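One-letter residues, chain by chain:
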Amino acid sequence: MSFAAVGSSLRISAGETQALKSLPVATQITAKRALQGSTADLGRLVDYISMLNTSRYCCLAPIFHATLDSIQVPNYINPKTIPAIMRAKWSLMGLVKISTVTPSTSEGEDDPVTKYIVRKWDEVYPWMRFFARNCLPPPYDVSVTPPRPDLCNVFDAAKLCITPLSLICTQSEEGRHLLRSSISVQHFVAQLWILIGNLQGDVLQGDPGNTTDGLVSMLRASFALTNHVCVSESEDPDKITLPLSSYIQAAGGVKPVVFTLLRYIRRITRDAAAVEEPRSWTTGDRSIKQLHLYTVSLHYSFEFIKVISRQDVSCRAQLIRQGSIRTVVDAIAQILPKILVQANKELDFHPQLGLAGRQNVLWSGYAYIASAIRDADDGVACVCQAIDAGLIQTLEKGVVCPPHANRRDHPTRGRLGDIELLFLLATFFMYHRVVESIFRHWFRMQSAPMEKREIRDKGLGVALELVLTSTIDAMDHRSVEPINFHEYRCSGPGCPMCTSKFASKKCRCAGCLVSIYCSEKCQRTAWHNGHKKWCQVLRCTVGPWGSRDIRKSLQVIAGFETSEITGMAKDVESRVREAQQQFPAFRDKLVLMLDMTVYPPEVHVLPVHKLEQFPGDDPIWPEIADEILQRSDSPPKGYMFSVVKVHLGKSKFTLFSPSTALRMAFVDQYFSDDEVSVDEDEMNDSKPLGN
């Protein structure tokens, strides 16, 4: 049968013509008519493409390419251009269907997506944009009817525009580079991402209703990978990728990106939680496949949120402000009981559906939370958000699942996995805001006790036990009387006035930012009574910024400092001996540093001038060390005094010993005026002091 086409633009090569002869005769006749311009026959060719014998129908791709190549995207839609538009619609559908059902080729050959879509991108992409512009609702107002729904319903238009992008991300390395390097394509992807994120419900106009899975849910799940590909690094380091700012600008700015991303995570989580319980717990079970799709989508959503948080400061701040940590914790809490299930050897050790892969999804979420805390200006607020969202209870549920880290065919724990996140949280337990969140956490635990679970992940179980013990220690240190006495009472020698009684007239020392006075008289008296010397020391106790979080947490920090140094007495002695041998010229200027930026805390002994962010060269320190030696009941042995290293996120500070500073600077208030007491209700009713 001859396949001579009408018009030079619709001609196909001799080899392509020969390939068509392998099809059934009826299909050959339909193909000939399609090449001659029959729109109806072009649609029939698309229907012929089936899951059976897909390799036979790949020869139809040249017909679809020739059709697209012969048609120019119209600037206007009128009765004369509608037939050409319909031919383009069926051709694009045919290419998408062939790329979807054709199995991957052997190594060294182009995959079907690269061959039929990416290499013909100049033909395919303009029509994708055309159908998105005319047959899909506007991205920011999905209630508006598309301009021309008569050309293609929303259901088919969504598949035409989004399915090629999903196929490119999963199968074509060349196509992935195209997404990372083209401004036009990134703008197209960003607008579609906003559109799908704003769609309500799971049914689109034109949905035939022949599938049990909603198309919107499937598109939402697949778009997570597409987004991640657009902002991730290229597999080839020599290929240039666009900066993240171009994608954010294409999506409308920081706020639309953040709001849409968090909405995606919440809706994907809802879809995953709604998956029915698997019946057979095999790789072919429909519920297992659905759950895998949604969990992988969450994994790429967590990776996407981690990338934009790390690369863009505005996105990072906006994410925290909009409760991203709370959203991620809630997502993990909902999917964890569904995916941390030991079923059978076939499923648990499957390369894609296995237990290790499912754990990796959780660890991606934990990694974002950890990176958000580490990189934040206000890491304390991030930790409070995580604890209030129930992160510790969620991590407790994870002890039911073994890590499989001892098997070579499964990945080990991530660098920022569950244990690492737990230890990171513990480095913030000395802050008063975190301790208040811990109080609320324990209240929830007591009001809704969790069932006792068999601890199968021993490593996570031990880490949880250590961290929960630290939470109890933090609450104990916070409860020691008097509670932050310097914040609730005038620091004037012998003055019994409480801050609640002179709130409108309070005067905070501008030097140390710790002492508060009821009047200038008390302030002058305190200055001449010893505050002149200890003012500088107290300022070194709250850090160079005078952070409110540190200032309000001095009592808890002091409690941890005392307990940790006491508990590590033998280690301290050995560190002092090592430092005396290492720094013989500074034997009388050694300082003990308690590093609380790591968990468990570590001790180091260094010369005072080698401390980071600490005025070690100031001549006041030998004088302070002598006074500590004279006035302390248990003076330091082998070192001048201790310092504490803390962090508030990305900022780290080395503080002069809070326990020593509070004891020495406020000795009269703490130990002399026993008759003065602070009413608990009065303390609770008093307003927080300004900076």
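Residues numbered from 1 in each chain as written. Predicted model: local features only at pLDDT ≥ 70, side-chain atom pairs only at ≥ 80, totals over all residues. Heavy atoms only, no water.

Our next topic: the overall build of the protein. Helix and strand counts for the protein stand at 33 helices and six strands. Residues classed as buried in the protein amount to 55% of the 691 residues present. Here the analysis covers contacts within the protein between residues at least 6 apart in sequence; of these, 74% occur between residues at least 24 apart. Within the structure as shown, the protein displays about 31,300 Å² of accessible surface, and the carbon and sulfur contribution to it stands at 51%. (Helix = DSSP H or I, 4+ residues; strand = E, 2+ residues; numbered from the N terminus. Buried < 20%, exposed > 50% of the residue type's maximum accessible area, 1.4 Å probe, protein only. Contact = heavy atoms within 4.5 Å. Areas by Shrake-Rupley, 256 points an atom, 1.4 Å probe, with all protein chains shown as cover.)

Pairing of strand E3 (residues 590–595) with strand E4 (residues 602–607), which is carried by six bridges, proceeds in the antiparallel orientation. Bridged to aspartate 595 within E4 is glutamate 602. A loop of six residues connects E3 with E4, the two strands running antiparallel in sequence. (Pairing = 2+ DSSP bridges.)

A full pass over the atoms with the stated rule returns 15 salt bridges. A salt bridge links aspartate 271 to arginine 270; the shortest N-O distance between them is 3.5 Å. Between lysine 306 and glutamate 303 there is a salt bridge, with the nearest N and O atoms lying 3.5 Å from each other. Here the residue lysine 306 and the residue glutamate 303 both occupy positions in helix H15 (residues 286–311), the gap between them amounting to three residues, near one helical turn. Taken individually, lysine 306 and glutamate 303 each receive the classification buried, so the pair is uniform in this respect. Salt bridges here are not isolated pairs; linked through shared partners, they connect Lys533, Glu623, Glu627 and Arg631. (Salt bridge = Lys/Arg side-chain N within 4 Å of Asp/Glu carboxyl O.)

Bringing the packing of aromatic side chains into the picture now. Within the structure shown, the criterion is met by 17 aromatic pairs. Judged by centre distance (5.3 Å) and plane angle (75°), the rings of tryptophan 127 and phenylalanine 130 are edge-to-face. Of this pair, tryptophan 127 and phenylalanine 130 are both found in helix H8 (residues 121–135), three residues apart, which corresponds to roughly one turn of the helix. When sorted by exposure, tryptophan 127 lands in the same class as phenylalanine 130, which is buried. (Phe/Tyr/Trp six-rings, centres within 6.5 Å; stacked < 30°, edge-to-face > 60°.)

Attention now moves to the environment of leucine 421. Relative to the elements of secondary structure, leucine 421 occurs in helix H22 (residues 418–426). Apart from the residues within four sequence positions on either side, leucine 421 is in contact with Tyr366, Ile369, Ala370, Ile373 and Leu391.

Counting residues in each nonpolar core, the largest one holds 208 residues, and the members touching the most others are Trp621, Phe641 and Phe656. Setting aside chain neighbours within four positions, we find phenylalanine 641 in contact with Leu590, Val591, Leu592, Val608, Phe614, Trp621, Ala625, Ile628, Pro636 and Phe656. (Core = buried A, V, L, I, M, F, W, Y, C linked by side-chain atoms within 4.5 Å.)

Moving on, we come to H8. Helix length check: H8, at 15 residues, gives a terminal C-alpha distance of 20 Å against a target of 21 Å (1.5 Å per residue), a fit within 8%. Counted residue by residue, H8 has eleven buried out of 15 residues, so it is predominantly covered. Within the span of H8, buried status applies to Trp121, Glu123, Val124, Tyr125, Trp127, Met128, Phe130, Phe131, Ala132, Asn134 and Cys135. For H8, the secondary structure elements touched by its buried residues are helix H5 (61–70), helix H6 (82–101), helix H7 (112–118), helix H9 (154–171), helix H10 (173–181) and helix H11 (183–198). (Expected span 1.5 Å × (residues − 1).)

Here we take up the sheet that holds E3. Spatially, E4-E3-E5-E6 is the arrangement adopted by the four strands of the open sheet, whose pairing is mixed. Either end of the sheet is taken by a strand with one partner, and the two such strands are E4 and strand E6 (652–656). Strand-to-strand twist across the sheet, computed as the mean angle between neighbouring axes with direction ignored, equals 30°. Those strands touched by helix H29 (residues 569–582) are E3 and E4, and its axis lies near 25° from that of E4. (Axes fitted to C-alpha atoms, helices over the stretch in contact; angles between N-to-C directions.)

Confidence in the prediction for the protein averages 83 pLDDT; 86% of positions are at 70 or higher. Residue range residues 404–416 is modelled with pLDDT below 50. Its contacts to residues more than four positions away, or to other chains, number 26 contacts. Segment residues 670–691 is flagged for pLDDT under 50; beyond a separation of four residues in sequence, or across chains, it makes 35 contacts in the model. (pLDDT = per-residue confidence, 0-100.)

Cis geometry is found at the peptide bond from tyrosine 599 to proline 600, where omega equals -5°. Within the secondary structure, proline 600 sits in the loop between E3 and E4. Positive phi outside glycine occurs at tryptophan 281, with the angle close to 55°. Position of tryptophan 281 among the secondary structure elements: in the loop between helix H14 (254–273) and H15. For tryptophan 281, a relative accessible area of 19% gives the class buried. A positive phi is found at glutamine 613, a non-glycine position, where the angle reads about 55°. Structurally, glutamine 613 is set in the loop between E4 and helix H30 (620–631).

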